[in-house]
There are 2 protein chains.
Amino acid sequence: MTTTLRPTPGRAHWVLAHPRRDSLNHHLFRAGTSALCSEYDVSTTDLYAEHFDPALDTRDLGSFADTPGAIPELTGEAYARGEVEPEVRREQEHLADAELLVLQFPLWWYGPPAMLKGWIDRVLQTGFAQGDVDEKTGHPRRYGDGRLLGRRALIVVTAGDDARTLGPRGVNGDLEALLFPLTHGALWYVGVEAHDLHVVHDADSIDAAGREREATLLRTRLAGLGEEPVRSYRRLQDGDYDRATRALREDLLPGRTDLGIHYRG
Amino acid sequence: MTTTLRPTPGRAHWVLAHPRRDSLNHHLFRAGTSALCSEYDVSTTDLYAEHFDPALDTRDLGSFADTPGAIPELTGEAYARGEVEPEVRREQEHLADAELLVLQFPLWWYGPPAMLKGWIDRVLQTGFAQGDVDEKTGHPRRYGDGRLLGRRALIVVTAGDDARTLGPRGVNGDLEALLFPLTHGALWYVGVEAHDLHVVHDADSIDAAGREREATLLRTRLAGLGEEPVRSYRRLQDGDYDRATRALREDLLPGRTDLGIHYRG
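Residues numbered from 1 in each chain as written. Chains lettered and ligands numbered in written order. Predicted model: local features only at pLDDT ≥ 70, side-chain atom pairs only at ≥ 80, totals over all residues. Heavy atoms only, no water.

Q: Would you mind going over the interface of chain A and chain B with me for this structure?
A: Many authors give the size of an interface as the accessible area that is lost as the parts come together. In this assembly, 76 residues from chain A lie in contact with 76 residues from chain B. Taken together, the two surfaces of chain A and chain B that pack against each other cover about 5400 Å², and 60% of this comes from carbon and sulfur. At the boundary of chain A with chain B, the tally comes to zero salt bridges. At the junction of chain A and chain B, the tally comes to 30 residue pairs in polar contact (both at pLDDT 80 or more). Taken together, the elements giving at least two residues each to the side of chain A that touches chain B come down to α2 (71-80), α4 (114-123), α5 (175-178) and α6 (180-187) of chain A. (Contact = heavy atoms within 4.5 Å. Buried area = accessible area lost by both parts, 1.4 Å probe. Salt bridge = Lys/Arg side-chain N within 4 Å of Asp/Glu carboxyl O. Polar contact = N/O pair within 3.5 Å; in protein donor to acceptor, adjacent residues only side chain to side chain. Helix = DSSP H or I, 4+ residues; strand = E, 2+ residues; numbered from the N terminus.)

Q: Which parts of the structure should I look at to understand the relation of the copies chain A and chain B?
A: The second copy of the chain is related to the first by a rotation about an axis and a shift along the axis. For the match of chain A to chain B, the screw axis carries a shift of 0.0 Å, the RMSD comes to 0.0 Å, and the turn is 180 degrees. Such a combination of rotation and displacement between the chain copies is what one expects of a two-fold axis. (Least-squares fit on C-alpha atoms with pLDDT ≥ 70 in both.)

Q: Got a minute to help me understand the side chain of Thr 183 of chain A in this structure?
A: Residues and elements named next belong to chain A. Mapped onto the fold, Thr 183 is located in helix α6. Assessed through its relative accessible area of 6%, Thr 183 is described here as buried. Side-chain polar atoms of Thr 183 contact the side chain of Tyr 233, separated by 2.7 Å. (Buried < 20%, exposed > 50% of the residue type's maximum accessible area, 1.4 Å probe, protein only.)

Q: Could you clarify how one ought to interpret the pattern of salt bridges in this entry?
A: When the charged atoms of two side chains lie near each other, side chains of opposite charge can form a pair. Here the structure, examined in full by the defined rule, presents 40 salt bridges over all chains. As a salt-bridge pair, Arg 152 of chain A and Glu 99 of chain A come within 3.9 Å of each other at their nearest N and O atoms. Of the two residues, Arg 152 of chain A is situated in strand β4 (residues 151-158) and Glu 99 of chain A in the loop between α3 (86-97) and β3 (100-106); the sequence distance between them amounts to 53 residues. Where Asp 60 of chain B meets Arg 59 of chain B, a salt bridge forms, and the shortest distance between an N and an O atom there is 3.0 Å. Classification of Asp 60 of chain B by relative accessible area gives buried; the value is 8%. Given the relative accessible area of 28%, Arg 59 of chain B is considered partly exposed. Several salt bridges converge on common partners, so that one network encompasses Asp 53, Arg 59, Asp 60, Glu 87 and Arg 122 of chain A.

Q: Can you help me understand unusual backbone geometry in this one?
A: Trans is the prevailing form of peptide bonds, just as negative phi is the prevailing case for residues other than glycine. Residue and element names in this part refer to chain A. You will see that Tyr 143, though not glycine, has its phi angle at about 50 degrees, which is positive. Within the secondary structure, Tyr 143 is located in the loop between α4 and β4. For Tyr 143, a relative accessible area of 0% corresponds to the buried category.

Q: What exactly am I supposed to notice about the packing of helix α3 (residues 86-97) of chain B against helix α4 (residues 114-123) of chain B here?
A: The description of two packed helices rests on the angle between their axes and on the distance between the axes. Residue and element names in this part refer to chain B. As a packed pair, α3 and α4 sit with axes 10 Å apart at the nearest point and diverge in direction by 85 degrees. Relative to α4, the element α3 is oriented roughly perpendicular. Residues Glu 87, Val 88, Glu 91, Gln 92 and Leu 95 of α3 form the contact with α4, whose participating residues are Trp 119, Arg 122 and Val 123. Of the residues in the contact of α3 with α4, the class split is four nonpolar, one polar and three charged. (Axes fitted to C-alpha atoms, helices over the stretch in contact; angles between N-to-C directions. Parallel < 35°, antiparallel > 145°, perpendicular 65-115°, else oblique. Nonpolar A, V, L, I, M, F, W, Y, C, P; charged D, E, K, R; others polar.)

Q: Before we go on, may I ask you to explain the packing of helix α1 (residues 24-36) of chain A against helix α7 (residues 208-223) of chain A in this structure?
A: All names here are of chain A. In contact at an axis separation of 9 Å, α1 and α7 are set at 35 degrees when each is read in the N-to-C sense. When you trace α1 past α7, the crossing you get is right-handed. In this structure, α1 contributes Leu 24, His 27, Leu 28, Ala 31, Gly 32, Ala 35 and Leu 36 to the contact, and α7 contributes Arg 211, Glu 212, Glu 214, Ala 215, Leu 218, Arg 219 and Leu 222. (Left-handed = near helix turned anticlockwise from the far one by under 90°.)

Q: Would you take a moment to explain a negative patch on the surface for this structure?
A: Together, Glu 73 and Glu 77 of chain A together with Asp 202 and Asp 204 of chain B line one region of the surface with negative charge. Tracing the chain through its elements places Asp 202 of chain B in the loop between β6 (198-200) and α7 (208-223). (Patch = residues over 30% accessible without salt bridge, like charges linked within 9 Å, V, L, I, M, F, W, Y side chains within 5 Å. Areas by Shrake-Rupley, 256 points an atom, 1.4 Å probe, with all protein chains shown as cover. Lys, Arg positive; Asp, Glu negative; His and termini not counted. Charge placed at Lys NZ, Arg CZ, Asp CG, Glu CD.)

Q: Help me out: how do you make sense of the packing of aromatic side chains in this one?
A: Working definition: an aromatic ring pair is given by the centre-to-centre distance plus the angle between the planes. What the rule picks out here adds up to 14 aromatic pairs over all chains. Ring centres 5.4 Å apart and planes at 85 degrees place the aromatic pair Trp 109 of chain A and Tyr 189 of chain B in the edge-to-face group. Taken together, the residues Trp 109 of chain A in the loop between β3 and α4 and Tyr 189 of chain B in the loop between α6 (180-187) and β5 (192-194) connect one chain to another. Judged by its relative accessible area of 15%, Trp 109 of chain A is buried. (Phe/Tyr/Trp six-rings, centres within 6.5 Å; stacked < 30°, edge-to-face > 60°.)

Dropping the structure here:
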């Protein structure tokens with residue numbers, strides 16, 4: 001049984017969630033996708049322009065809409081039957097093909113906008129992105145053994161706040177920790193390893209010159225991305241977590257409880 | 001200038017985000033709202049049933065849809081003109097009235113579903129929930145000084161995982177940290193203090209007896225909620241954060257970088 005979906009070398013998929021075409025985000029989207037095209041075969045999804053519906057709803061359960069059961073299980077049944085909404089299917093095809101995924105969004109309330117969260121909720125469907133079971137243990141394959149293993153992601157995020165207030169002891173919370181549910185809970189869960197975040201701070205007050213500066217920074221980042229290491233999380237299978245409790249072994253980083261403990265040393 | 005909106009004593013507002021009426025969530029919703037009615041005047045919003053649109057879009061900018069500027073600023077301009085979508089206005093009225101807010105949802109990808117995130121994105125609008133400026137410093141009032149000060153929130157969340165994997169060193173990350181963007185970044189930002197999370201673990205495999213047990217636990221929790229202290233975050237105004245950098249002062253919990261540093265001692 002094949003548990004991973006192999007990406008196509010040289011393919012990238014860029015997903016944008018911002019409602020305004022004249023926004024800094026769209027400016028960076030145009031600059032970034034254009035720059036990436038010199039090295040990758042790039043597909044793009046502008047979620048707002050395509051009127052993507054972010055609400056995972058009973059239609060995502062196909063003919064199991066009225067079947068008793070939990071949502072993750074029922075979406076898996078629907079996937080197995082091929083009952084996948086066209087807009088979700090198209091994203092799954094792009095994602096399956098891509099070796100590089102770019103997720104771009106403004107930080108709203110210290111997380112991704114509902115539009116991007118809904119892309120996660122609907123596209124990383126059971127059966128497609130996760131849900132395989134280890135035949136020996138009976139446990140689902142995840143955190144390093146998901147179906148999308150072998151892919152990298154770059155998160156491009158604009159924030160109204162500055163770097164210090166979004167730093168490790170800043171009042172807003174560390175941006176790395178705020179986005180842990182995305183980088184670890186969603187992407188790494190299904191096997192995708194994230195590069196360091198690409199952050200544009202003070203984004204709400206940026207002027208035209210600042211926009212160009214940020215576009216240049218993004219183009220430069222993308223040009224060197226292939227040489228950048230990814231910052232990997234620990235694999236569930238490597239013995240770092242207690243087999244019974246799935247908590248980090250007591251002898252590893254003893255006493256620490258910050259989310260940084262889940263990075264591979 | 002009045003910077004806070006006073007709640008009406010005895011009013012509660014319960015917001016639910018789950019697509020299935022036969023779900024554990026709806027079961028707990030019915031049990032919980034029914035129990036709460038003995039002590040509060042309760043309004044409810046079943047976001048899926050009401051087809052709430054979770055995507056903050058240009059319609060939320062009113063006549064400023066094409067005006068250059070950042071989204072938080074333009075939604076504030078629209079609010080000042082009274083250009084607020086009816087479904088958003090209704091939620092704002094309920095929220096303004098309520099002294100207790102209950103947010104209930106299943107944990108999807110280690111965060112709230114897009115439907116609940118969209119409620120945050122749209123309802124906590126600039127001008128309504130935040131955006132006032134301190135006349136002396138010129139800084140926006142937030143984290144302890146938001147417009148919704150004086151309200152409490154209870155988060156009721158169902159999770160497919162067990163308590164250990166969602167614990168402080170569990171592989172999924174500590175649930176307290178995973179939901180920090182909600183409890184701190186959204187609720188506390190606008191002045192709402194959260195009670196300890198009400199979590200139902202192993203929710204995907206729960207049987208009928210388990211549902212009843214959880215309904216009883218929730219009813220009991222709600223009956224005693226008035227006597228429970230809230231777990232407060234630090235106020236930005238109390239001097240715990242450096243005035244220039246807004247990072248936690250070096251002499252407070254030195255060396256620590258976990259999100260727990262933001263709790264008031």
